[in-house]
Amino acid sequence: MAAIFRKWTVGSVLKSAEKHRLLWFGLTFSTHENPLGIPNAGTPGQDNHRQRLMERGLPKKLPIAGVNQVIVVASGKGGVGKSTTAVNLALAIAANDKGKSVGLLDADVYGPSIPRMMNLAGEPELNKQNLMKPLVNFGISCMSMGFLVDEKSPLVWRGLMVMSAVQKLLRQVAWGPLDYLVVDMPPGTGDTQLSISQNIPIDGAVIVSTPQDIALLDARKGAEMFRKVDVPVLGLVQNMSVFQCPKCGHQTHIFGQDGAKKVAEEMELQVIGDVPLHISIRETSDSGQPVTVSQPDSLQAQAYRSLAKEVVARLPPYKDPLPERKQ
């Protein structure tokens, strides 16, 4: 533990974060073109100069070593089942194609859920290159801030420190070789989302929401944020879509019916997954035995495997960023 945190001192974190502060959160980038409605009186020359400054100020996207494709699972707000979806999506991708290697990154620094859901605990070991080795369960390579701090201890960090920590989870982990890395993003559209979106190539984003109107308002914002930073949105997942009584079989749409489908149509997207509200999903997640692996023949597991199939089908073809040179 001490060896891992030796490099994560407050001084080094702040020094690294300050280096990129203006690049990420200065006037060179904004998620809103003109949030105050101020008239733009700039000349064409000034506009071109501003564009050159923006292009120079944004950090260059660099692939994660050993990772072929990155899928982020996001939501506009918490409590909609995003982490549960991310875990079962990663497991379902691996289950659908046994030949593919899959990793899972918990990017929610403040509220990591992956350790408990994947039944993992302990401190990551370091390899000869001084990189952290992911913890593995159910064939999935996992990394989370939850492995580095006590489960009951809160992280009281400012945004700059969180950004630096996320960079280390991306760059100082021996991820490869992986075909897919599923990233469980924190809820909202804040520092972590921007940091990841601007620093690594993302092949697709999956937006999770319940059919409830309030949740869909924030889901729309999440999808629009990824569009603004040129991350393709693969589609929406309508989670907790319907509750079926385990005794009588009666179905009730507790959070509304087909709300995600209406929003998807308005945004010219598709609902690529429809997951029911079922007690087995909650129980298996809490016990560290996700439904996709503990109950693979259940309708709930089949819903996640169907989602995984849709996600993979919508990903762009993988292109090696460093192709072999012709002799």
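Treat the numbers as computed from the prediction; the structure is a model and nothing was measured. (Residues numbered from 1 in each chain as written. Predicted model: local features only at pLDDT ≥ 70, side-chain atom pairs only at ≥ 80, totals over all residues. Heavy atoms only, no water.)

A.B. asks: Can you tell me about the pairing of strand 6 (residues 204-209), naming the residues and giving the values?
C.D. replies: With six of its six residues buried, strand 6 lies for the most part within the structure. A two-sided burial pattern is seen for strand 6, the buried positions comprising G204, V206 and V208 on one face and A205, I207 and S209 on the other. One ladder, built from four bridges, connects strand 1 (residues 67-74) with strand 6; its direction is parallel. Residue pairing in the sheet places V72 in a bridge with A205 of strand 6. Pairing analysis gives five bridges linking strand 6 to strand 7 (residues 233-244), with the strands arranged parallel. Among the inter-strand pairings, I207 is bridged to a residue of strand 7, identified as L236. (Buried < 20%, exposed > 50% of the residue type's maximum accessible area, 1.4 Å probe, protein only. Helix = DSSP H or I, 4+ residues; strand = E, 2+ residues; numbered from the N terminus. Pairing = 2+ DSSP bridges.)

A.B. asks: Outline helix 10 (residues 279-286), listing residues and values.
C.D. replies: Among all positions of helix 10, only S280, I281, T284 and S285 are buried. With its buried residues spanning 125 degrees around the axis, helix 10 presents them on a single face. The inward-facing, buried residues of helix 10 contact helix 4 (82-96), helix 5 (114-117), strand 9 (271-277), helix 11 (291-294) and helix 12 (299-314). (Arc of directions from axis to C-beta. Contact = heavy atoms within 4.5 Å.)

A.B. asks: Describe the confidence of the model for the protein, listing the residues and the values that go with them.
C.D. replies: Of all residues in the protein, 80% attain a pLDDT of 70 or more, and the chain-wide mean is 82. Contacts for the low-pLDDT stretch residues 17-38, under 50 throughout, to residues beyond four places or in other chains number 28 contacts. (pLDDT = per-residue confidence, 0-100.)

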